[in-house]
Amino acid sequence: MNKKNLFRLSLLLILVIALLAGCGKANETAKQDAKPTENSTEISDNKDEKKTEEVKESEIETKDEIIYVAREINDTLDPAKKYTEGYLMRVCAAEPLFKAAASGEILPLLAKEAIEIDANTWEIKLREEAKFWSGKKVTAEAVRDSLERSRELSASAVKHLEGLSFEPKSDYELIVKTEGDYIDVPLSLSLITIVNADMNFETVDQVDMTGCYKIVDYVPKTKLVLEAFEDYYGDVPKIKHLLFEEINDEETRVMAALSGRADVTTAIPVSAIPQIEANDDLEIYTNNPAGCLSVYLNLKKEELQDVRVRQALSWGLNRQEASELAFDGYGTPTSTWLGSNPLFPEAKDAVYDKYDKEKAEKLLADAGWEKGADGILEKNGEPFTFKLYTWGGSKLLGEVVQNQWRQLGIDVKVEHVDYSIIKEARETGDWDGLIEAWTTFGNVHANFATHVSKGGGVNYSDYDNPKVNAVMDELQNERDPEVRRQLILKVNELVAEDAPFIAIMPSPDMITVNKRLEGYIPHFLPAYNVINNHMEFVK
């Protein structure tokens, strides 16, 4: 029996046992209450049903806390630290000036309005009623200080703030100057949190942001407790309390949803979808976000310095099979990194337009690799070994990649670990490949720069390609929208051909919401959008 079927059988057995236990308890209660009359059992059952309905209605009427269960939560309170910003945004604690709507449109949030003055100047008008949780006003000076703090401390923010400078014009007006022409400033600022830069964010009482939910308690990698911020400039949440909880184990997380304990559950494995769909109390949402799961390669390894080897790895990856085996077909394969961006659909099948094992094998042979008696490729007496790290929900995908590349003759060993182990391996150089997903939405030049430019935050191997650099320079200074689009597609093509990382597909994002909770809005950026201030419990 394979893992997937075993997991489904385990869930089914758990549910059956729970149902039998419940029935047994109900029958025993009926026996204790019964009197020697012909209809006593029926009368007792009806009373139990009515009592249960009354309890359920009472629970709904008095429930004033959303329980949101995720695979992991933030391990710091500082949004400038890696990953923390996304976790805090998805529970409406952290806010940027602008935010992408589910339609993709960039709308004012903490800002009231953005006006493009000329090719290099924007004016941002702030909401005068907005406050930090401490009561401090969100002024132009405070916003500038926050953005400069992000520039200094946040690796992810640097790429969006490059070439931007900020100067208060008045208490609630901020002037933004751009080095390049016609930069979309609201888009660039849509994923950068505004905070009170006077705080250090090391403890709960030192966290000062603007969101409609305020942090009141925190246990790292365990739970985040929030309450409605009553002085919020917008609509104060109807539900006053929010518990954001980490449950790393998949089966336990699924059972939290099935049992009704969790109101919102993210990172649902696709293997659990039949159980979720069979539960009348749950709604399942499936998104293919604008973020691409890719195998990032360590180009400092001798065998991976040959572009033919890297191209072979991409041609030898059956992305459709990977989608079916790892995500039950819910994943949408893409052959290039940009292909997961909904604004560039033509990039989805560029360069590696099909699975081609023969081409992959020829490239490996041209690079001097030959199969030994055991089927493993060898060169100069050394086998082709490959250490692949996975984490979070990419374990099964890593095993699929392992199997496909082993068919090429590569001895792939997969290690599924906590992300801290991956960070340590990158620092020591003890890795060949790792699977991660980074958003492709937003300022595309900035997103590419973090991957392929010298010093980029996700440029794990110090990749440096003069051809790519030249097109990136053109892109940074080009003002014509259509020319910019073509340059973006050109960068994408060059990077895919050079293959410093190998795109696979967006990670299908499965979110389960209990039907008693209304107001969830599916979004192509689920890492930043789960809870909102218009959610409410209904009968």
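Trainee: Hey, could you run me through the packing of helix H14 (residues 444-452) against helix H15 (residues 466-477) in this one?
Mentor: Helix packing geometry: the angle between the two helix axes and the distance between the axes. With their axes 11 Å apart at the nearest point, H14 and H15 run at an angle of 155° to one another. Classified by the interaxial angle, the pair formed by H14 and H15 is roughly antiparallel. When the axes of H14 and H15 are compared, the crossing they make is left-handed. Of the residues in H15, those touching H14 at His445, Phe448, Ala449 and Val452 are Val468, Asn469, Met472, Leu475 and Gln476. Partitioning the contact of H14 with H15 into residue classes produces six nonpolar, three polar and no charged.

Trainee: Can you walk me through the sheet that holds strand E21 (residues 509-514) in this structure?
Mentor: Strand pairing in a sheet is mediated by backbone hydrogen bonds. Such pairs are either parallel or antiparallel. Strand order across the open sheet formed by seven strands is E8-E9-E10-E1-E11-E21-E12, with mixed pairing between neighbours. The sheet is open, and its two edges are formed by strand E8 (213-219) and strand E12 (282-287), each paired on a single side. Pairing between strand E1 (residues 65-70) and strand E10 (residues 241-246): six bridges, direction parallel. When the bridges of E10 are listed, Val69 appears paired with Glu245.

Trainee: Mind showing me how you'd approach a negative patch on the surface here?
Mentor: Negative charge collects at one region of the surface, where Glu370, Asp374, Glu378 and Glu382 lie side by side. Relative to the helices and strands, Glu370 resides in strand E14 (residues 370-371).

Trainee: Please clarify how the sheet that holds strand E16 (residues 382-383) should be interpreted in this entry.
Mentor: The sheet built from three strands is open, its strands ordered E14-E15-E16 with antiparallel pairing. Among the strands making up the open sheet, the edge pair consists of E14 and E16. Sheet topology places strand E15 (residues 377-379) next to E16; two bridges connect them, and they run antiparallel. Along E16, the bridge assignment pairs Lys379 with Glu382.

Trainee: Is there a simple way to explain the environment of Trp405 in this structure?
Mentor: Position of Trp405 among the secondary structure elements: in helix H12 (residues 395-406). Along the primary structure Trp405 and Gly316 are separated by 89 residues, whereas in three dimensions their C-alpha atoms are 6.7 Å apart. Excluding anything up to four places from it in sequence, Trp405 contacts Val295, Leu313, Gly316, Leu317, Phe386, Ile410, Val412 and Ile502.

Trainee: Looking at this model, I keep getting lost on the pattern of salt bridges. Mind explaining?
Mentor: Any two side chains of opposite charge can pair if their charged atoms end up close together. Tallying each qualifying case throughout the model produces 28 salt bridges. A salt bridge links Asp349 to Lys348; its shortest N-O distance comes to 3.6 Å. For the salt bridge of Arg426 with Glu436, the shortest nitrogen-to-oxygen distance reads 3.1 Å. Pair noted here: Arg426 is in helix H13 (residues 419-428) and Glu436 is in strand E19 (residues 433-439), with a separation of ten residues, a long-range link. Its relative accessible area of 17% is what places Arg426 among the buried residues. Through salt bridges with shared partners, one network takes in Glu123, Lys125, Lys169 and Glu173.

Trainee: Would you mind showing me how to read unusual backbone geometry here?
Mentor: Most peptide bonds adopt trans geometry, and most residues besides glycine take a negative phi value. Phi angles above zero are rare outside glycine, and Val351 is one such case at about 65°. Here Val351 shows up in the loop between helix H10 (319-327) and helix H11 (357-366). Unlike most non-glycine residues, Asn380 shows phi in positive territory, near 55°. Along the chain, the position of Asn380 falls in the loop between E15 and E16.

Trainee: Where do I start with the pairing of strand E5 (residues 121-126) in this structure?
Mentor: It is a general feature of regular strands that their side chains alternate between the two faces of the sheet. Counted residue by residue, E5 has five buried out of six residues, so it is predominantly covered. As paired elements, strand E4 (residues 111-118) and E5 share six bridges and run antiparallel to each other. Within E5, the residue paired with Ala114 across the bridge is Ile124. Between the antiparallel neighbours E4 and E5 lie two residues. Direction of pairing for E5 relative to strand E7 (residues 173-178): antiparallel, over a ladder of five bridges. Bridging across to E7, Ile124 finds its partner in Leu174.

Trainee: Looking at this structure, how should I read the packing of H10 against H12?
Mentor: Running from N to C, H10 and H12 point in directions that differ by 140°, and their axes come no closer than 9 Å. Classified by the angle between their axes, H10 and H12 sit oblique to one another. Between H10 and H12 lies a crossing whose hand is right-handed. Contacts between H10 and H12 involve Glu321, Ala322, Leu325, Ala326 and Phe327 from the first element and Leu396, Leu397, Val400 and Gln404 from the second. Partitioned by chemical class, the residues of the contact of H10 with H12 number seven nonpolar, one polar and one charged.

Trainee: Would you explain the confidence of the model for the protein chain in this entry?
Mentor: Keep in mind that low pLDDT regions are not for reading the predicted coordinates in detail. Mean pLDDT over the protein chain: 88, with 88% of residues reaching 70 or higher. Of the regions scoring below 50 in pLDDT, residues 1-56 engages in 34 contacts with residues more than four places distant in sequence or in other chains.

Trainee: Teacher, can you tell me more about the layout of surface pockets here?
Mentor: Remark: the empty space left among the atoms is shown by a probe the size of a water molecule rolled over them. Its volume calculated, the second largest pocket comes out at about 600 Å³. Lys99, Leu109, Asn532, Asn533 and His534 are the residues nearest the centre of the second largest pocket, which is lined by 26 residues in total. Of all the secondary-structure elements, those providing two or more residues to the lining of the second largest pocket are strand E2 (98-100) and strand E3 (106-108). For the lining of the second largest pocket, the residue count by class is 16 nonpolar, six polar and four charged.

What counts, and at which threshold
- Residues numbered from 1 in each chain as written.
- Predicted model: local features only at pLDDT ≥ 70, side-chain atom pairs only at ≥ 80, totals over all residues.
- Heavy atoms only, no water.
- Axes fitted to C-alpha atoms, helices over the stretch in contact; angles between N-to-C directions.
- Helix = DSSP H or I, 4+ residues; strand = E, 2+ residues; numbered from the N terminus.
- Parallel < 35°, antiparallel > 145°, perpendicular 65-115°, else oblique.
- Left-handed = near helix turned anticlockwise from the far one by under 90°.
- Contact = heavy atoms within 4.5 Å.
- Nonpolar A, V, L, I, M, F, W, Y, C, P; charged D, E, K, R; others polar.
- Pairing = 2+ DSSP bridges.
- Patch = residues over 30% accessible without salt bridge, like charges linked within 9 Å, V, L, I, M, F, W, Y side chains within 5 Å.
- Areas by Shrake-Rupley, 256 points an atom, 1.4 Å probe, with all protein chains shown as cover.
- Salt bridge = Lys/Arg side-chain N within 4 Å of Asp/Glu carboxyl O.
- Lys, Arg positive; Asp, Glu negative; His and termini not counted.
- Charge placed at Lys NZ, Arg CZ, Asp CG, Glu CD.
- Buried < 20%, exposed > 50% of the residue type's maximum accessible area, 1.4 Å probe, protein only.
- pLDDT = per-residue confidence, 0-100.
- 1 Å grid on protein atoms, 1.4 Å probe; cavity = no way out; pocket = protein on both sides within 12 Å on 5 of 7 lines; lining within 4 Å.
- Points joined across faces, edges and corners; volume = space filled by probe spheres on them.

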